[in-house]
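Now for the letters of each chain:
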Amino acid sequence: MTSLPTGFPIKFTTDALYGGENNTNATRCKAELSEWHSTVLPVYILVISVLGIVLNAFVLMVFCLHKKACNVPEIYLSNLAAADLILMICLPFWAKYAANKFSWPFDLPLCRLVTLSINMNAYCSIYFLVLISVDRCLALVHPLSHDRLRRPKYAKMGCVLVWGFGFLLGVPTLVYRDVKEQSKSKVCFLNYPNSTARIVSNGMLMTFGFIIPISIISYCTFKIIQALNDRPMEAVSTEKTERKATTLVLAVLIAFLICWLPFHLLKIPKALQVAKVLRGCGAIAIINTCGHVFMYLAFFNSVLNPILYVIVGENFRKKIRELCKQWQNNRSLTRNTYYTRSHLSRSNTSRHS
């Protein structure tokens, strides 16, 4: 078994990707690299990466190639699929890192670029869900008074702001990521200059990357469910489109909470560990193991979203059927055009002869 470098709190993959302070109280403990970290993990990462790329690319293809313009929820869902797609494209680099027993096989720019892309698109996914939940809340709770805000133009502006904000949340990764050699292995980790920078950075990410979006999503989800329960069936039947979209959104929000909530809640014992409240190698080992499970459960959310679109999203399934019909019509039109031109060409040839 290989001992991980104690000077760097790589703590397997989780802290290397999202944390990685180099002055924790875990330096006394020898973190042994279990065999499954370099065998099972890379396979799992590659599987969810391939599935995520294929499924999210399919979702984007349906939204982009359909003849009808996307409505507001579909604009948000397509941007969510784009964020998930970029996240999945970057994961194979981390699979290689895990297969290499967490010795970074690439250079520093790629260390920064890959981790920036993963972090940025993870946070973008969260805030696209915030926009989706706010839109559904306005559609059901305030359908008339805030109807102007629910326009495609404003939805696109909101998406641009989310991409920019996601990049800002990823700036610490871009600035502090470093690659250093220790015990014959190269580690891609967050190398904060001092404890103040670490605390400020982690505090901002915890606040803007978890507490605020989770609070907004939870509040909007509660109001959406309350509005659906309070509304008489007659009123609901007149707004079937809104209800179908809301059902899909609720499924996506619940899946997000199930997949991401454990990962973010784990930051609490990690903070206690850094503050030296939690001591002992046993506690550190449990946190590290949970970090593995929870992080890759969170990444599985990017695979789960497209599946929910197909299973729960009646409008999305309708779009798929219409797109297939559209392609069939185009193929028939192309075939008929070819036959017509071929027939005319033959007619002209026979006339000349």
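Residues numbered from 1 in each chain as written. Predicted model: local features only at pLDDT ≥ 70, side-chain atom pairs only at ≥ 80, totals over all residues. Heavy atoms only, no water.

A.B. asks: Quick question: what am I supposed to make of the nonpolar core here?
C.D. replies: Most often, soluble globular proteins keep nonpolar side chains buried together rather than apart. One finds Leu 80, Leu 129, Phe 299 and Tyr 309 to be the most contacted residues of the largest nonpolar core, which totals 72 residues. Beyond its immediate sequence surroundings of up to four residues, Tyr 309 is in contact with Val 59, Leu 77, Leu 80, Leu 248, Val 252 and Phe 316. With six residues, the next largest nonpolar core counts Cys 137, Cys 220, Ile 224 and Ala 227 among its residues. (Core = buried A, V, L, I, M, F, W, Y, C linked by side-chain atoms within 4.5 Å. Buried < 20%, exposed > 50% of the residue type's maximum accessible area, 1.4 Å probe, protein only. Contact = heavy atoms within 4.5 Å.)

A.B. asks: Would you explain the packing of helix α3 (residues 72-99) against helix α5 (residues 152-169) in this entry?
C.D. replies: To describe two helices that pack against each other, one gives the angle between their axes and the distance between the axes. Close contact between α3 and α5 brings their axes to 9 Å; oriented N to C, the two are set at 25°. On the basis of the axis angle, α3 is roughly parallel to α5. Two packed elements cross with a definite hand, and for α3 against α5 that hand is right-handed. Of the residues in α5, those in contact with Val 72, Ile 75, Tyr 76, Asn 79, Ala 82, Ala 83 and Ile 86 of α3 are Pro 152, Ala 155, Lys 156, Cys 159 and Trp 163. Partitioned by chemical class, the residues of the contact of α3 with α5 number 10 nonpolar, one polar and one charged. (Axes fitted to C-alpha atoms, helices over the stretch in contact; angles between N-to-C directions. Helix = DSSP H or I, 4+ residues; strand = E, 2+ residues; numbered from the N terminus. Parallel < 35°, antiparallel > 145°, perpendicular 65-115°, else oblique. Left-handed = near helix turned anticlockwise from the far one by under 90°. Nonpolar A, V, L, I, M, F, W, Y, C, P; charged D, E, K, R; others polar.)

A.B. asks: Explain the pairing of strand β3 (residues 177-182) here, please?
C.D. replies: Each regular strand shows side chains that alternate between the opposite faces of the sheet. Bridging between β3 and strand β4 (residues 185-190) involves six bridges; their strand directions are antiparallel. If you follow Arg 177 over to β4, its bridge partner there is Leu 190. If you look at the hairpin formed by β3 and β4, you'll find two residues sitting between the two strands, and Ser 183 has a positive phi there, around 55°. (Pairing = 2+ DSSP bridges.)

A.B. asks: Quick question: what am I supposed to make of the side chain of Ser 125 here?
C.D. replies: As for its placement among the helices and strands, Ser 125 is situated in helix α4 (residues 108-141). The class for Ser 125 is buried, based on a relative accessible area of 7%. At 3.1 Å, the side chain of Ser 125 forms a polar contact with the side chain of Asp 84. For Ser 125, the side chain forms a polar contact with the main-chain oxygen of Asn 121, separated by 2.8 Å. Contact partners of Ser 125, with chain neighbours within four places excluded, come to Leu 80, Ala 83 and Asp 84. (Polar contact = N/O pair within 3.5 Å; in protein donor to acceptor, adjacent residues only side chain to side chain.)

A.B. asks: Got a minute to help me understand the pattern of salt bridges in this structure?
C.D. replies: Close approach of charged atoms lets side chains of opposite charge pair. Scanning all chains against the criterion turns up two salt bridges. With a shortest N-O distance of 3.6 Å, Lys 319 and Glu 74 are connected by a salt bridge. Of this pair, Lys 319 sits in helix α12 (residues 314-352) while Glu 74 sits in helix α3; the two residues are 245 residues apart in sequence, bridging distant segments of the chain. When the shortest N-O distance is used, the salt bridge between Asp 135 and Arg 136 registers 3.0 Å. (Salt bridge = Lys/Arg side-chain N within 4 Å of Asp/Glu carboxyl O.)

A.B. asks: I keep staring at α5 and nothing clicks. Help me out?
C.D. replies: With 18 residues, α5 ought to run about 26 Å at 1.5 Å a step, and its terminal C-alpha atoms sit 26 Å apart, in line with that. Of the positions making up α5, those classed as buried are Ala 155, Gly 158, Cys 159, Val 162, Gly 166 and Leu 169. End-on, the buried residues of α5 take up no more than an arc of 105°, which puts them together on one face. Every exposed residue of α5 that faces more than 90 degrees away from the buried side is listed here: Lys 153, Lys 156, Val 160, Leu 161 and Leu 168. (Expected span 1.5 Å × (residues − 1). Arc of directions from axis to C-beta.)

A.B. asks: Looking at this structure, how should I read the state of the cysteines?
C.D. replies: The bond known as a disulfide is covalent and runs between the sulfur atoms of two cysteines. This model, assessed by the stated rule, comprises one disulfide. Paired by a disulfide, Cys 111 and Cys 188 hold their sulfur atoms 1.9 Å apart. Judged by the sign of its S-S torsion, about 80°, the cystine formed by Cys 111 and Cys 188 is right-handed. On the criterion of sequence distance, the pair formed by Cys 111 in helix α4 and Cys 188 in strand β4 is long-range, its members being 77 residues apart. Exposure class is identical for Cys 111 and Cys 188. Each is buried. (Disulfide = S-S within 2.5 Å.)

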